[in-house]
Amino acid sequence: MQHIRAHVLVCAGTGCKSAGSKEVELAFQREIKAQGLADEVMVVETGCHGFCEYGPLVIVYPEGTFYSRVTAEDVPEIVESHLLKGRMVERLLYHEPMTHEMIPKYSDINFYKKQHRLVLAHCGTINPEQIEEYIAVGGYEGLGKALTLMTPEEVVEEVKKSGLRGRGGGGFPTGLKWSFAKQSVNDKKYVICNADEGDPGAFMDRSVLEGDPHKILEGMAICGYAIGADEGYIYVRAEYPLAIKRLRVAIEQAEAMGFLGENIFSSGFNFQIHIKEGAGAFVCGEETALMASIEGKRGMPRPRPPFPAVSGLWGKPTNINNVETFANVPQIIVNGADWYCQFGTEKSKGTKVFALTGKINNTGLAEVPMGITMREIIYDIGGGINNGKKFKAVQIGGPSGGCLPEELLDLPIDYDSLTAVGAMMGSGGLVVMDEDTCMVDVAKFFLNFTQSESCGKCTPCREGTKRMLEILTRITEGQGREGDIELLENMAKNIKETALCGLGQTAPNPVLSTLKYFRNEYEAHIKEKRCPAGVCEKMAVYTITDKCKGCGLCAKTCPVKAISGTLKQQHVIDQAICIKCGACMSVCPFKAITKG
Amino acid sequence: MDLENKCCCGGENKEKAQIDEILSKYVGKKGALIPVLQEIQALYNYLPKDILEYVAEKMNIPISQIYGLVTFYSQFHLNPRGRNIIRVCQGTACHVRGGKVILQAIEKQLGIKAGHTTEDLRFTLETIACVGACGLAPVMQINEDTHGRLTTEKLSAILDRYK
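Basis of the calculations
Residues numbered from 1 in each chain as written. Chains lettered and ligands numbered in written order. Predicted model: local features only at pLDDT ≥ 70, side-chain atom pairs only at ≥ 80, totals over all residues. Heavy atoms only, no water. Pairing = 2+ DSSP bridges. Helix = DSSP H or I, 4+ residues; strand = E, 2+ residues; numbered from the N terminus. Axes fitted to C-alpha atoms, helices over the stretch in contact; angles between N-to-C directions. Domains from an automatic or database assignment. Contact = heavy atoms within 4.5 Å. Buried area = accessible area lost by both parts, 1.4 Å probe. Salt bridge = Lys/Arg side-chain N within 4 Å of Asp/Glu carboxyl O. Nonpolar A, V, L, I, M, F, W, Y, C, P; charged D, E, K, R; others polar. Buried < 20%, exposed > 50% of the residue type's maximum accessible area, 1.4 Å probe, protein only.

S.K.: Looking at this structure, how should I read the sheet that holds strand β8 (residues 231–236) of chain A?
M.R.: Strands in a sheet are paired, the pairing made by backbone hydrogen bonds, and the direction either parallel or antiparallel. Residues and elements named next belong to chain A. Strand order across the open sheet formed by five strands is β9-β10-β8-β7-β11, with mixed pairing between neighbours. Strands with a single pairing partner mark the edges of an open sheet, and in this sheet they are β9 (261–264) and β11 (318–322). Adjacent strand axes in the sheet meet at a mean angle of 25 degrees, parallel and antiparallel pairs treated alike. Relative to strand β10 (residues 269–277), β8 is paired through six bridges, and the arrangement is parallel. Looking across to β10, one finds that Val 236 is bridged to Glu 277.

S.K.: Looking at this structure, how should I read the domain arrangement of chain A?
M.R.: Often, the extent of an interface is quoted as the loss of accessible area on bringing the components together. Residue and element names in this part refer to chain A. Taken domain by domain, chain A holds domain 1 (6–108), domain 2 (131–341), domain 3 (351–434), domain 4 (439–527) and domain 5 (540–595). One C-alpha centre belongs to domain 1, the other to domain 3; they are set 29 Å apart. Opposite the eight residues of domain 1 that make contact, domain 3 presents eight residues. Taken over both partners, the interface formed by domain 1 and domain 3 buries close to 610 Å², and the fraction arising from carbon and sulfur atoms is 52%. Counting the contacts that link domain 1 with domain 3 gives zero salt bridges. Its residues assigned to classes, the side of domain 1 that touches domain 3 shows six nonpolar, one polar and one charged.

S.K.: Please clarify how the interface of chain B and chain A should be interpreted in this entry.
M.R.: Counting from both sides, the interface comprises 34 residues of chain B and, opposite them, 52 residues of chain A. Here chain B meets chain A over a buried area of about 3,200 Å², counting both sides, of which 56% is carbon and sulfur. The interface formed by chain B and chain A includes one salt bridge. With a shortest N-O distance of 3.5 Å, Arg97(B) and Glu53(A) are connected by a salt bridge. Among the elements of the structure, α2 (33–44), α4 (63–72) and α5 (92–96) of chain B are those that each provide at least two residues to the side of chain B that touches chain A. Taken together, the residues of the side of chain B that touches chain A sort by class into 16 nonpolar, 14 polar and four charged.

S.K.: Help me understand the domain arrangement of chain B in this model?
M.R.: Domain parsing of chain B yields domain 1 (2–72) and domain 2 (84–160). Just the C-alpha atoms count here: the centres of domain 1 of chain B and domain 2 of chain B sit 31 Å apart.

S.K.: Would you explain the pairing of strand β1 (residues 84–89) of chain B in this entry?
M.R.: Residues in a regular strand point their side chains to alternate faces of the sheet. Residues and elements named next belong to chain B. The buried count for β1 comes to five of six residues, which makes it a mostly enclosed element. In this structure, β1 lies alongside strand β2 (residues 123–128), joined through six bridges in parallel fashion. Bridge pairing in β2 links Val 88 to Thr 127. Pairing analysis gives three bridges linking β1 to strand β3 (residues 140–142), with the strands arranged antiparallel. Bridge pairing links Ile 86 to Ile 142 in β3.

S.K.: I tried to follow unusual backbone geometry on my own but got confused; where do I start?
M.R.: Of note, the bond from Tyr61(A) into Pro62(A) is cis; its omega dihedral lies within 30 degrees of zero at 15 degrees. Following the sequence through the fold, Pro62(A) ends up in the loop between β3 (58–61) and β4 (65–67). The amide bond that connects Ala137(B) to the next residue, Pro138(B), takes the cis arrangement and shows omega of -10 degrees. Here Pro138(B) shows up in the loop between β2 and β3. One non-glycine residue, Lys561(A), lies in positive phi territory at about 55 degrees. Relative to the elements of secondary structure, Lys561(A) occurs in the loop between α23 (553–557) and β18 (563–564). Residue Lys561(A) is classed as exposed on the basis of its relative accessible area, which comes to 61%.

Take a look at the structure:
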């Protein structure tokens, strides 16, 4: 019998793929064959490990040696040294950014040590395109248990008892949502998985879809059984081609194995799943807009009630949850609600996957128990701020969330604590910002996003966000007026109260939270016409320092002739003429021009 | 232009046959308009007006409704597009890591603004709100490839690969 003594896991998530992991995988296969190891070493293509910053990632088992930023050129050395001679290639091992300590083992890396991976448990360890690998780690056991040992009522009760709340934004209790759909009497019901992950800075759903697609199918099928639906849709962004491909493969395999289709587990329960590709509209993440889009209409929200549980897709009772929510369901059924309740806080159970991005050393996905502090996530898991800069704020929850300052780093994170400080869990995007980030610019960035994604149906969102954006724009251009801050606050309050859907109701959050915690920055922009972080172009003041050798290049480059001086002597910029284009700074060979 | 009454010599009929083939897959299916348009766009790279009129007639949907749909979703395009589509990410993570500078550099290099196509139809330049590869910020997608950890110095070499 063939004996495989080592496995080489090559990450094939989107991050690693774009960093060249396919070439790495091919190189391994070539090299292993060339060295005559093909019978004893197996190369496995896996989903995302979440540590995208250091991709392409390669992990060699049984030792669990973690190689980062591997290129195809490194492969012969790994094969020869590690797989033939049993010596690790030290230069490719991971080094902790804070201590510079070398960490050979996957499980010893701080980024992973503090995590508790339930949803992401199999991302990066199984081949997502092989259903057998999912079954080997306990896949479809939850569906089997639900269909053969539990009544639909018991399934709903178990999910209720687990305290699972929606991971997509609002945090509505999942079991309660299911019970509403279950109570609706109709011969046709639907289950929808919202995989329209549109929040900029969030990519956890993509990782699960790409790395463990069967988990979603299983969660949806369990939901279908619980509420009495026989058909499901996954609404996934067209921007995620790899996720769509893997889902198609997974559905086909699950149908072939009888986990989807007719009479599943001989229980008489039928369930089929379709994929719908989104066409590029952020508002389609809102449930009523999403259903309109599946129906082939413009994806615009409608007032609720009636809620989807009563009248949803094509007027039928429908239950919508997002990817991460469904991914939690199978293990709740297998291990029971009591097991699940041990993780998290009193009102927020389980874990949450956060997407760590921005000015942080370890960008990637981190799954942690609810109740962990922001400081632990950013410093222990995230490895702190990069380039030794000072932390300024963390933006949580995407365009609907808020920016939190350093004082709140020790706040235990759950749904309710975040809402209390003016942010929200949202989908779990965490964008870390350092001292070089201008908070007014950040608020403008988010409002610009929601404004351009506003569907235009209701006036507060369509007109209100536009006016707010105009005010923010003039503030960042040095035209801010006395009273602008109060005006922004007043408009934000009105939009929050009157907009039709979640997009509009939460659109002012980034403005409100930056006003609350970073008001002094707004004031500096308005009163002193100054951007403290030096980000806002129109307010920048360019000056020539004494490093100037008088070469005259800047004066020649300046499009408005604002620079004067004699050759070989320090030049000066006439601030009254300068249009802040920055052209002089980029041509100066002596780095003598500063921006402040 | 009415494709139904166009005659003979290959071109139009072949087009019509392709459209009919797409439409036949969705006969009797609910919510088919978006997938139909997605397939047509995959064929032409954009949605030509005469084709949309033909689809409207065949599917018995008012052309105004199709126009409303096409202009709502950012994925659909009514004008011809370049052979290579560049989407520069302007999401949050890319924004704080200099995504704007990358966009400006490409605009300068191609001589077009975001949302436009070069005259030789080689590139269409667009922005995208987030491609979900935030660990590699700043990023851009060209066609289906994602390019990450961009610097302005890397851009020329990357663009050269797409003819």
